[in-house]
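Coordinate inspection notes
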Amino acid sequence: MKSAIYAIIRKDIRSVTSNRQLFLPILLIPLIMIVVLPTMFVVTVRFVPEEAGDLDALLSLLPVSALDGGAEQALIQIILNNILPVFFLIIPIMTSSVMAAGSFVGEKEKHTLETLLYCPLPLGRIFYAKIMASFLMSMMVSLLSFAVMLAFMETELFILFGALTVPSLNWLIMLFLLSPAVSLIAITLIVRGSAKAQTMEESQQKAVLLILPLMLLIVGQFSGVLLVSGWLLLILALACGAAAWFLMRGCRKRFTCESLLK
Amino acid sequence: MKSIVTNSITKIYPGGNRAVSGLSLSLNQGEVYGFLGPNGAGKTTTVKILTGMLSPSEGNCEVMGIDPSAEPEKIHAISGVITEHAQMYDNLTGLENLLFYGSLFGLDRNCAQSRGLGLLRQLDLEEAADRRLSAYSTGMRQRLSLARALIHRPKVLFLDEPTSGLDPESARNVNRLIRDLALKEGVTVFLCTHQLRYAQEICTRYGLIEKGSLLASGTLDELRRTVSPRFTVKIRAGHISPDMISRLGLRRSGSDAKDSAEIPDNRQEENRGSYREGSDKETSKETGTVWLETEVESEEEIPGLVHQIVSEGGKIFHVSACLPSLEDIYFSLTAGKEGLK
């Protein structure tokens, strides 16, 4: 049975990577998030005069010790370790929802789901394989995006400031706890809607709901209401993990072959 | 052993649509069962119930002793299914599709590859093996679906319109393959089709369904008897006296009345031991032959009839039994018309 599950995972990943329409947003969005956005922040910090005071509210949230190396260094730290992680979350949400929509509703749309259901695998195993495919794709894209982002940003920092900045523990929490949990929530939302959804676009709409809390976090930081600290990320990761677990538990029971083939 | 048994299965969809109503069937192993009926008759719903995709609202069924709604994956392991909506992946090649489905059925890569290539060869798709499915024609897709359904050597095949979209030659090849599977490998075939001519070529028994109910079931002969217990025998003979005609219970056929030697009936004629001349009309005029017909209950009566004509000095030029074809039976039953004669 394991080989069958691996075969579905491989096939699902290949289905997305060979489909330009699906794969392009998976490549394009991370590219904006990991190259364009950090570059804009770094260049802004380097060339906008400190006196402008636009980020004063944000800086006021930092402990006094954080400002020892100067406001510029403090801002770079904030951008890398507090602001970018929140923007970065868009990558796993988007990747997993595109993958899950293609994997579940896409199969339904192309009439290949029925053929898959005629295979000697319990429905739960097929679901598991499809969820794993979306999850693994999301994790691969997230980790790769982080590596590329770090390489770009450190290069820019070295050129513009002559120094490197070490990513904080926030990124570990982000990459290995929050990002997986949020990916699973996005996948589960798509899967739960897959029985009713008739098109991939329709099914992806639910995942947009996950972007809204992210927007609040981003606005909250820039307006100086809160700072996305390691503790906050950890609490969010645990809350999202629990939510993902509950959502997934109820997910499988909602489906029968009959409901999927409607 | 019974391969497929259904006991009064009924399927009522949410919304109240009664797709199948009290359907009872029993299929032996190695049988090719033609399940015939118009669109919306309940054929596909029956296939979905038998493959565990749908649960019956009432009644129960078994495929090779397994309840499909309780253990659908066990049914899938021993069966191959083709339906209109069971498509394959356009982004994979024909062979890659077969390898993928092979792996889902637990075949190792080498085994799936050799089996897949063998099936592609049998279905004339060898040249298209490495072509993406998006470049396949409807007929090629249909043949690949059959290859996919056979990749794991199933014991039961559920085929919903397997020859739709196929050209006559491909349809014949597919039919030959299905018949061989049943004859040589004992595969039970549950064949849903509209193409009655192809069905008649390969099916050993038939079930005719309309509005979810089984109208009739049985072999072709049994179905013929259902629509009409008697059938017409046409004889073209010479040296026949009117006395002989009345004594043997014969009558002049309509074609003879019109001075034509053609057989006017479009029903299937099973010409057993009969022959036809190149120009019947001329022969008819020159030799003074007449077209006669009578009705018999079984083909066993034909030799006696011919013997009597010959022994009384008549000459036989043609004998044919006008048996109703499956198409005749189908239309007769579905249209609720009276039997053929």
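See the structure shown above.
The following paragraphs examine the structure supplied in this document. Since the structure is predicted, the reported quantities are computational estimates derived from the model, not experimental observations.

Let's talk about the packing of helix α1 (residues 2-17) of chain A against helix α3 (residues 94-104) of chain B
Packed helix pairs are characterised by how far apart their axes lie and by the angle those axes make with each other. Two numbers describe how α1 of chain A lies on α3 of chain B: the axes approach to 8 Å, and their chain directions differ by 145 degrees. Residues S3, A4, A7, I8, K11 and R14 of chain A of α1 of chain A touch α3 of chain B, and the partners they reach there are E96, F100, S103 and L104 of chain B. Considering only residue class, the contact of α1 of chain A with α3 of chain B consists of five nonpolar, two polar and three charged.

With respect to the pattern of salt bridges
Residues and elements named next belong to chain B. Under the counting rule described, the total for this entry stands at 19 salt bridges over all chains. Taking the shortest distance from any N to any O, the salt bridge between K74 and E71 comes out at 2.9 Å. According to the relative accessible area criterion, K74 is partly exposed, its value standing at 43%. For R251, the salt bridge is made with E295, and the minimal N-O distance between the two is 3.9 Å. In this pair, R251 is assigned in strand β11 (residues 251-252) and E295 in strand β13 (residues 290-296), connecting sequence segments 44 residues apart. The network of salt bridges with common partners includes R230, K234, R251, E293, E295 and E297.

Thoughts on the packing of aromatic side chains
Overall, the coordinates contain 13 aromatic pairs over all chains when judged by the stated rule. An angle of 70 degrees between the planes, with centres 5.1 Å apart, marks the rings of F100 of chain B and Y101 of chain B as edge-to-face. You'll find F100 of chain B and Y101 of chain B in the same group, each marked buried. In textbook terms, an aromatic cluster arises when at least three aromatic residues are bridged by ring pairs, as seen for Y33, F35, F158 and F190 of chain B. Above the plane of the ring of F104 of chain A lies K130 of chain A, whose end atom (NZ or CZ) is 5.8 Å from the centre. Across the ring face of Y101 of chain B, the terminal group of R148 of chain B is positioned such that the distance to the ring centre comes to 5.9 Å.

A look at the pairing of strand β3 (residues 32-36) of chain B
Residues and elements named next belong to chain B. The element β3 is largely enclosed, with a buried count of five among its five residues. Burial of the side chains of β3 extends over both faces: V32, G34 and L36 are buried on one face and Y33 and F35 on the other. When β3 meets strand β7 (residues 188-193), the two strands line up parallel, connected through five bridges. Along β7, the bridge assignment pairs F35 with C192. Of the strand pairs in this sheet, β3 and strand β8 (residues 205-210) are connected by four bridges, and their pairing is parallel. When the sheet's bridge partners are listed, F35 is paired in β8 with G207.

Rules used throughout
Residues numbered from 1 in each chain as written. Chains lettered and ligands numbered in written order. Predicted model: local features only at pLDDT ≥ 70, side-chain atom pairs only at ≥ 80, totals over all residues. Heavy atoms only, no water. Axes fitted to C-alpha atoms, helices over the stretch in contact; angles between N-to-C directions. Helix = DSSP H or I, 4+ residues; strand = E, 2+ residues; numbered from the N terminus. Contact = heavy atoms within 4.5 Å. Nonpolar A, V, L, I, M, F, W, Y, C, P; charged D, E, K, R; others polar. Salt bridge = Lys/Arg side-chain N within 4 Å of Asp/Glu carboxyl O. Buried < 20%, exposed > 50% of the residue type's maximum accessible area, 1.4 Å probe, protein only. Phe/Tyr/Trp six-rings, centres within 6.5 Å; stacked < 30°, edge-to-face > 60°. Lys NZ or Arg CZ within 6 Å of the ring centre and 35° of its normal. Pairing = 2+ DSSP bridges.

Spatial relationships are all this shows, so hold off on functional conclusions.
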